[in-house]
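A closer look at the structure
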Amino acid sequence: MRVAFLGLGIMGRSMAANLAKAGHEVTVWNRTAGKEEVEGARTAASPAEAARGVDVIWMCVSDTKAVENVLFGEQGARESLTEGMIIADSSTISPSATRQFAERVRAKGVQYVDAPMTGSKAGAANGTLIFMVGGEESAIEKLKPLFAVMGKKVFHMGETGKGQATKLVMNLQIALIYEGFAEALTLATKLGVDVEKLVPLIQSSMVNSGVVEYKAPFVLKRDFSPNFPLRLMHKDLKLALEAAKELRVRLPGLETVEEIYDVADEDGHGDLDYAATLTLLEKWAGVEVKGASA
């Protein structure tokens, strides 16, 4: 298939590379100059150029405003839209904005699929992402060869916008689960409990989770290099709170955790992994959590 891939960040670069390796005709564009090269793909100077004559426009950019600019801004992809194209968005953005964007391109005979994913940097590189998708079944069926290259599972959650809604509630859970883990490690350290012994206990009990399994090795080594940057998780938590406010839903746990992300961002941790919120708890407690290998 002919694919325009727009956005070559931590996730997007590997996703585009996997499509090119699989033999798809890929054209890439990235907002930041100097990061446009993807082996096997052609580079375009604008979203409009990248989207010219393709079957699918696939986006993976930072936030709602970035998606709007890529689609509808100056030299945006809208200039090249033709009937029969499909737009797939793997960014994490506002569900209500997603529905508005879909309505705007539908007038040109273009289908819109929201397809955010989970699986982190390693999943993008290995082609083992899990997609949560909103949109028409006919469009998703056409995208199956592309999903198969980039991921291992696709969950169709409903109409347009439901993929984004699902991603927000997934990240809500990740943030709260990790917060519980980080607070437990901080208190354990203050109490003199060996975290090298505590973590295997957690992993052997009902307290365990995928979040703990994935993050524990990094935390014990004090490796906060970004698999999922804190600033992006913070953005997603704010999106979840905005969606809740629109629907008059109270999320007191998330409101508290989002305040921690506020402080972490202010302290300059935005480009670290979201696991770096632990460092605030450590600072407040006057301890440092680390394993023997740190």
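Look up: the structure comes first, before these words.
Residues numbered from 1 in each chain as written. Predicted model: local features only at pLDDT ≥ 70, side-chain atom pairs only at ≥ 80, totals over all residues. Heavy atoms only, no water.

Examining the nonpolar core
Counting 38 residues, the largest nonpolar core has Tyr178, Phe181, Leu185, Met233, Tyr261 and Tyr274 as its most contacted members. It is helix α7 (residues 162-191) that contributes the most residues to this core, nine residues altogether. Excluding residues that lie within four positions of it along the chain, Phe181 makes contacts with Val199, Ile202, Val212 and Ala216. Residues Leu8, Ala16, Val26 and Val38 belong to the second largest nonpolar core, which totals 31 residues. (Core = buried A, V, L, I, M, F, W, Y, C linked by side-chain atoms within 4.5 Å. Buried < 20%, exposed > 50% of the residue type's maximum accessible area, 1.4 Å probe, protein only. Helix = DSSP H or I, 4+ residues; strand = E, 2+ residues; numbered from the N terminus. Contact = heavy atoms within 4.5 Å.)

Details of the pairing of strand β2 (residues 25-29)
For β2, a buried count of four out of five residues is recorded, marking the element as mostly surrounded by other parts of the structure. Pairing of strand β1 (residues 2-6) with β2, which is carried by five bridges, proceeds in the parallel orientation. By the bridge assignment for β2, Ala4 is matched with Thr27. Tracing the backbone out of β1, into helix α1 (residues 12-21) and back to the parallel element β2 gives a crossover that is right-handed. Bridge analysis of β2 against strand β3 (residues 42-43) gives two bridges, and the strand direction is parallel. What sits directly across from Val28, in β3, is Thr43. (Pairing = 2+ DSSP bridges. Right-handed = clockwise from strand over helix to strand, strands pointing away.)

Digging into the environment of Glu282
Note on placement: Glu282 falls in helix α12 (residues 278-285). Look at Glu282 and you get buried, because its relative accessible area is 5%. Setting aside residues up to four positions removed in sequence, Glu282 forms contacts with Thr186, Arg222, Val287, Glu288 and Val289.

As for the pattern of salt bridges
Evaluation of the coordinates by the stated rule reveals 15 salt bridges. Here Lys65 makes a salt bridge to Glu68, at a shortest N to O gap of 3.7 Å. One end of the pair is Lys65 and the other is Glu68, both in helix α3 (residues 64-72) and three residues apart, which spans about a single turn. Between Arg222 and Glu282 there is a salt bridge whose closest N-O contact spans 2.8 Å. Residue Arg222 is found in the loop between α9 (210-220) and α10 (230-246), and its partner Glu282 is found in helix α12; the two are separated by 60 residues along the sequence. Through salt bridges with shared partners, a single ionic network connects Arg222, Glu282, Glu288 and Lys290. (Salt bridge = Lys/Arg side-chain N within 4 Å of Asp/Glu carboxyl O.)

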